[in-house]
Amino acid sequence: MSQTEAKADRGDAQIILAQFQSADGDKTGPPLSLPADITAEQLSILINKFLDNDETHPYSFYVNEKEVVKSIQKDIIEGDKRSAEETLVIEYRPQAFFKVRAVTRCSSSLTGHTEAVLSVSFSPDGTQLASGSGDTTVRIWDLDTETPRFTCTGHKNWVLSIAWSPDGKVLASGGMDNTVRLWDPQTGKAIGTPLGGHRKWITSIAWEPTHINPKANRMASSSKDGTVRVWDTTLRRCMFTLAGHTAAVTCVKWGGDGRIYTSSQDKTIKIWNTDGTLYKTLSGHAHWVNTLTFSTDYVLRTGAYDHTGKEPANREEAQKMALKRYNECKGKGPERLVSGSDDFTMFLWDPLNSSKPIARLTGHQKVVNHVSYSPDGRLIASASFDNSVKLWDGVTGKFIASLRGHVAAVYQVCWSADSRMLLSASKDSTLKIWDLRTKKMKLELPGHADEVFTVDWSPGGDRVVSGGKDRVLKLWKH
């Protein structure tokens, strides 16, 4: 077809003025005259040229927070009612290089626990899997054969939370019996005696990130008794206790800045220095604070391990790789924190620079049970007892969409490593996978016989594990 025919075919597409800009607000390249019907793929070719990328990087494009899915004409000029006369600032955001495939089938149902499965977790490199249960045991599973490997016995009551050390060499578990125990995942044996001192049950456990301490020997445990204890896991002793909350501590996180963050039923969030002194208190919630998430959560969890599966040669290299990944994820902005509460709302904080929240995220009709940042730090997902999952902008806190489909309370959400999909576990016995591009349900994974309490997507993205009231662990694959 000749050029004139092509033009007639397009009905002389109007020309728009556009300026590319990075997520940090830096302008890229000169202002351009582009045809209004330019597609996201064509924009991608352009921006790769401007940035002199050796290989083609994937990007998504936004004008005024509205994504260009089909073309600028369709999404922005017609969809967002923007005039074609003004200069459009097109913000480009890098996407993950690799694509995670949605899991579609249950590859095995692992039985063995004799009570409800309360927590499941993949190790930071995704090669090991552990679960904690109401039957007082921690189980370690073999992922190659999908069979039980070890049963770690010792707790005298329910195992409420488990956490892998950042190097994957130690597994910590906290129970209703007020103790934290350490296990060697290679043998399934306990490492030393239980760490005692808490007067009530353990609510959550956090390890110090690799880029701060590559030795992976410090861990914090929070308890219903209102304190947090910081342990040296090699010497197996309590280094110091963080006491300041006046009610149960619900969640502890070890931030990428080295400080420890705690949320409590006394309606506050406290930030502690690593010597055990209080740095600041964030208040504003009108009820219990249940859950915390960092914009860098995924990188803090996986440390030196990325999607390539390369094993660091030694601790120094692990620290370097972890620090590089942390800085890339954090970008120019600060590390952001989101807290979810029984007051039905969430707050978005820039905790180091301000004691006032950046935004208050309202819309849930019931208790917010779990919040989670996407691995790239751009989106926040929240699970609530109002049967919905909501999506929010990770920088501004602006509401994006409600994901509806569950018919009972949603207990937990979990992201795929490429931030393109979200998984939710619910009281209605199903898991659902949501596609973030369309904001619709991609797949439903039925199979559990009862409520699903806990879910985890492996850092490599190849499998999902879920557990709940029916005492079975299910592994899901593509």
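See the structure shown above.
In this text, all values refer to a predicted model and were calculated from it rather than measured experimentally.

**A short note on the pairing of strand 29 (residues 388–393)**
So, point 1. The buried count for strand 29 comes to six of six residues, which makes it a mostly enclosed element.
So, point 2. Where burial is concerned, the two faces of strand 29 agree: the one with Ser388, Lys390 and Trp392 and the one with Val389, Leu391 and Asp393 are both buried.
So, point 3. As judged from the five bridges shared by strand 28 (residues 379–384) and strand 29, these two strands associate in the antiparallel manner. Looking at strand 29, one finds that serine 382 is bridged to lysine 390.
So, point 4. Linkage of strand 28 to strand 29, two consecutive antiparallel strands, is achieved through a turn of three residues, within which asparagine 387 is found at a positive phi near 75°.
So, point 5. Where strand 29 meets strand 30 (residues 399–404), five bridges bridge the pair, whose relative direction is antiparallel. When the sheet's bridge partners are listed, leucine 391 is paired in strand 30 with alanine 401.
So, point 6. Where strand 29 folds back onto strand 30 in an antiparallel hairpin, the turn is made up of five residues, including glycine 397, whose phi is positive at roughly 85°.

**Some points on the packing of aromatic side chains**
So, point 1. Enumeration according to the criterion identifies nine aromatic pairs in this entry.
So, point 2. Between the aromatic rings of tyrosine 59 and tyrosine 92, the centroid separation amounts to 5.6 Å while the plane-to-plane angle is 85°, which identifies the pairing as edge-to-face. Linking tyrosine 59 in strand 3 (residues 59–63) with tyrosine 92 in strand 5 (residues 87–94), this pair joins segments that are 33 residues apart in sequence.
So, point 3. Here phenylalanine 347 and tryptophan 349 contribute two aromatic rings whose centre-to-centre distance is 5.4 Å and whose plane-to-plane angle is 55°, an arrangement assigned as tilted.
So, point 4. One aromatic cluster in this structure is built from Phe20, Phe50, Tyr59, Phe61 and Tyr92.
So, point 5. Positioned above the aromatic ring of tyrosine 62 is the side chain of arginine 93, whose terminal nitrogen or guanidinium carbon lies 3.9 Å from the ring centre.
So, point 6. Positioned above the aromatic ring of tyrosine 279, the side-chain terminus of arginine 259 is 4.0 Å from the ring centre.

**So, the sheet that holds strand 14 (residues 189–190)**
So, point 1. Strand order in the open sheet formed by four strands is 11-12-13-14, with antiparallel pairing between adjacent strands. Looking along the sheet, the strands with just one partner apiece sit at the ends: strand 11 (159–164) and strand 14.

**Here we look at helix 2 (residues 40–50)**
So, point 1. When helix 2 is considered as a whole, its buried residues turn out to be Ala40, Leu43, Ser44, Ile47 and Asn48. Looking down the long axis of helix 2, one finds its buried residues gathered within 135° of arc, a one-sided arrangement. In helix 2, those exposed residues whose orientation departs by more than 90 degrees from the buried face are Glu41, Ile45 and Lys49.
So, point 2. Within two residues after helix 2, aspartate 52 carries a phi angle of roughly 50°, on the positive side.

The rules behind each value
Residues numbered from 1 in each chain as written. Predicted model: local features only at pLDDT ≥ 70, side-chain atom pairs only at ≥ 80, totals over all residues. Heavy atoms only, no water. Buried < 20%, exposed > 50% of the residue type's maximum accessible area, 1.4 Å probe, protein only. Helix = DSSP H or I, 4+ residues; strand = E, 2+ residues; numbered from the N terminus. Pairing = 2+ DSSP bridges. Phe/Tyr/Trp six-rings, centres within 6.5 Å; stacked < 30°, edge-to-face > 60°. Lys NZ or Arg CZ within 6 Å of the ring centre and 35° of its normal. Arc of directions from axis to C-beta.

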